[in-house]
Amino acid sequence: TSLRNVYIGDDDVACCGISWVSLRQYVPAPGMMMLSAIPTVPAAQADALDYFCIALHLFGALLMFVGYFIVEAVAIGWGPFKNVIPEEKRQYDHKVVWLRKTWL
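What comes next is a walk through the structure. Computed from a predicted structure; not experimentally measured. (Residues numbered from 1 in each chain as written. Predicted model: local features only at pLDDT ≥ 70, side-chain atom pairs only at ≥ 80, totals over all residues. Heavy atoms only, no water.)

1. Observations concerning a nonpolar patch on the surface
- Judged by side-chain polarity, Phe59, Leu62, Phe65 and Val66 come together as a nonpolar surface patch covering roughly 380 Å² of accessible area.
- You can see Leu62 is positioned in helix α3 (residues 48-76).
- The exposure class of Leu62 is partly exposed, given its relative accessible area of 45%. (Patch = residues over 30% accessible without salt bridge, like charges linked within 9 Å, V, L, I, M, F, W, Y side chains within 5 Å. Areas by Shrake-Rupley, 256 points an atom, 1.4 Å probe, with all protein chains shown as cover. Salt bridge = Lys/Arg side-chain N within 4 Å of Asp/Glu carboxyl O. Helix = DSSP H or I, 4+ residues; strand = E, 2+ residues; numbered from the N terminus. Buried < 20%, exposed > 50% of the residue type's maximum accessible area, 1.4 Å probe, protein only.)

2. Some details on the side chain of Glu72
- Along the polypeptide, Glu72 turns up in helix α3.
- With relative accessibility at 4%, the residue Glu72 sits in the buried group.
- Residues contacting Glu72, with those up to four places away along its chain left out, are Arg24, Arg100 and Leu104. (Contact = heavy atoms within 4.5 Å.)

3. Looking at the pattern of salt bridges
- Summed over all chains, the structure comprises one salt bridge.
- Glu72 serves as the salt-bridge partner of Arg24, at 2.8 Å between the closest nitrogen and oxygen. Within this pair, whereas Arg24 is found in helix α1 (residues 20-26), its partner Glu72 is found in helix α3, the two being separated by 48 residues in sequence.

4. Points about the packing of helix α2 (residues 28-37) against α3
- Contact geometry for α2 and α3: axes closest at 7 Å, N-to-C directions at 145°. In this structure, α2 meets α3 at a crossing whose hand is left-handed. Residues Pro28, Gly31, Met32, Met34 and Leu35 of α2 touch α3, and the partners they reach there are Leu56, His57, Phe59, Gly60, Ala61, Leu63, Met64, Phe65, Gly67 and Tyr68.
- Each residue belonging to the contact of α2 with α3 can be placed in one class, and the counts come to eleven nonpolar, four polar and no charged. (Axes fitted to C-alpha atoms, helices over the stretch in contact; angles between N-to-C directions. Left-handed = near helix turned anticlockwise from the far one by under 90°. Nonpolar A, V, L, I, M, F, W, Y, C, P; charged D, E, K, R; others polar.)

5. A word on the nonpolar core
- Counting residues in hydrophobic clusters, the biggest one holds eleven residues: Trp20, Leu23, Val27, Met34, Ile38, Leu63, Val71, Ala73, Val74, Phe81 and Ile85.
- Elements supplying a minimum of two residues to this core: α1 and α3.
- A total of four residues in this core trace back to one element, the largest contributor, which is α3. (Core = buried A, V, L, I, M, F, W, Y, C linked by side-chain atoms within 4.5 Å.)

Structure (structure tokens):
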């Protein structure tokens, strides 16, 4: 089974043979886990190890927020990602597309 509002097919490849559906599943979630599990300290109190943790925390933020933004934009065909997935493969309700685009 698949969710009708997010499934875009697994035929279209984003990069390196990885489908957009796989990226949607495996990029934002580890980013959120990194954000919640890796602590940061104020820069004034940070030593070398703390800067490494801060860098990993920021990388998690990049995965979560930018990763989610890109895969959601591809899924709904927003902005420069309009032609990445053919329209006939998108299985979402057209009545709520404006709401999802507004949230982006």
